[in-house]
Amino acid sequence: MSADAATCRRWVGDALRRAAQHPVLALGVALLVTVLVGAVDYATGYELRLATLYLVPICIATWAGGGRAGSVIVVLASLFWLLSFGSTHPYSVAFYFYWEGVVMVAVQGAFVLLLTRLRTALANADERFSRVLEELYSAVYVADPDSGQILYANPSLARLTGVDPLTLDINA
């Protein structure tokens, strides 16, 4: 993996963590991005297709607020798309335009469903991992390498040291 790909991956991961920590702010950003994409989509016309850009706010809303929030953004994006191009589509039969809309909504809905399932699976995996660490007889801790502060310690470390492990400093 190249350095650019690793940097992009790290940036996206950080953004998703921040979105999960501040869901109201993330939903506001998702709404704003949806409106911006809708305005640019309308301004550029039917020749320049920007429908895939609606996936960005859909993903933000789904990750931060769950499937319902993502579905709301799907409906909003679909309405923007329909209002922008309902009267200007190039198809000779309106059926094709509406078929395109149905396919777009299906793809966006699939993204919402997959992201919702991914978030649930990650939460379950974190819970299982924490449970395993809590039940280990070996002492386990996680420390911030910069500050030396212990961020996590399992009960075995407390039994071994006889003090609250979160008060320990690994640099001392």
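Up top you'll find the structure we're talking about.
Quick caveat: nothing in here was measured; it's all calculated off a predicted structure. (Residues numbered from 1 in each chain as written. Predicted model: local features only at pLDDT ≥ 70, side-chain atom pairs only at ≥ 80, totals over all residues. Heavy atoms only, no water.)

**Details of the pattern of salt bridges**
Part 1 of the reasoning: One pass over the structure, following the stated rule, counts 2 salt bridges.
Part 2 of the reasoning: Here Glu100 makes a salt bridge to Arg49, at a shortest N to O gap of 2.0 Å. Linking Glu100 in helix α5 (residues 94–135) with Arg49 in the loop between α2 (23–44) and α3 (55–65), this pair joins segments that are 51 residues apart in sequence.
Part 3 of the reasoning: What makes Glu100 buried here is its relative accessible area of 16%.
Part 4 of the reasoning: Owing to a relative accessible area of 38%, Arg49 belongs among the partly exposed residues under this scheme.
Part 5 of the reasoning: For the salt bridge of Arg131 with Glu127, the shortest nitrogen-to-oxygen distance reads 3.3 Å. On the criterion of helical spacing, the pair formed by Arg131 and Glu127 is a turn pair, its members being 4 residues apart in helix α5.
Part 6 of the reasoning: For Arg131, a relative accessible area of 43% translates into the label partly exposed. (Salt bridge = Lys/Arg side-chain N within 4 Å of Asp/Glu carboxyl O. Helix = DSSP H or I, 4+ residues; strand = E, 2+ residues; numbered from the N terminus. Buried < 20%, exposed > 50% of the residue type's maximum accessible area, 1.4 Å probe, protein only.)

**Here we look at the packing of aromatic side chains**
Part 1 of the reasoning: The tally for this structure, following the rule as stated, stands at 4 aromatic pairs.
Part 2 of the reasoning: Between Trp81 and Phe97, the ring centres sit 4.6 Å apart and the planes meet at 10°, which makes this aromatic pair stacked. In this pair, Trp81 is assigned in helix α4 (residues 67–85) and Phe97 in helix α5, connecting sequence segments 16 residues apart. In this pair, the class of Trp81 matches that of Phe97, namely buried.
Part 3 of the reasoning: Arranged with centres 5.7 Å apart and planes meeting at 70°, the rings of Phe95 and Tyr96 form a pair that is edge-to-face.
Part 4 of the reasoning: Note on Tyr96: relative accessible area 46%, which makes it partly exposed.
Part 5 of the reasoning: Among the aromatic residues, ring-to-ring pairing joins Trp81, Phe85, Phe97 and Tyr98 into one connected group. (Phe/Tyr/Trp six-rings, centres within 6.5 Å; stacked < 30°, edge-to-face > 60°.)

**Thoughts on the packing of α3 against α5**
Part 1 of the reasoning: The geometry of α3 relative to α5 is characterised by a closest axis approach of 9 Å and an angle of 35° between their N-to-C directions. Crossing geometry of α3 relative to α5 is assigned as right-handed. Residues Leu55, Ile58, Cys59, Thr62, Trp63 and Ala64 of α3 touch α5, and the partners they reach there are Gln108, Phe111, Val112, Leu115, Thr116, Leu118, Arg119 and Leu122.
Part 2 of the reasoning: Considered class by class, the residues forming the contact of α3 with α5 number 10 nonpolar, 3 polar and 1 charged. (Axes fitted to C-alpha atoms, helices over the stretch in contact; angles between N-to-C directions. Left-handed = near helix turned anticlockwise from the far one by under 90°. Contact = heavy atoms within 4.5 Å. Nonpolar A, V, L, I, M, F, W, Y, C, P; charged D, E, K, R; others polar.)

**Structural notes on a nonpolar patch on the surface**
Part 1 of the reasoning: Together, Tyr91, Val93, Phe95, Tyr96, Trp99, Val102, Val103, Val107 and Phe111 line one region of the surface with nonpolar side chains, adding up to about 850 Å² of accessible area.
Part 2 of the reasoning: With respect to the helices and strands, the residue Val102 is situated in helix α5.
Part 3 of the reasoning: Residue class for Val102 comes out partly exposed when judged on its relative accessible area of 48%. (Patch = residues over 30% accessible without salt bridge, like charges linked within 9 Å, V, L, I, M, F, W, Y side chains within 5 Å. Areas by Shrake-Rupley, 256 points an atom, 1.4 Å probe, with all protein chains shown as cover.)

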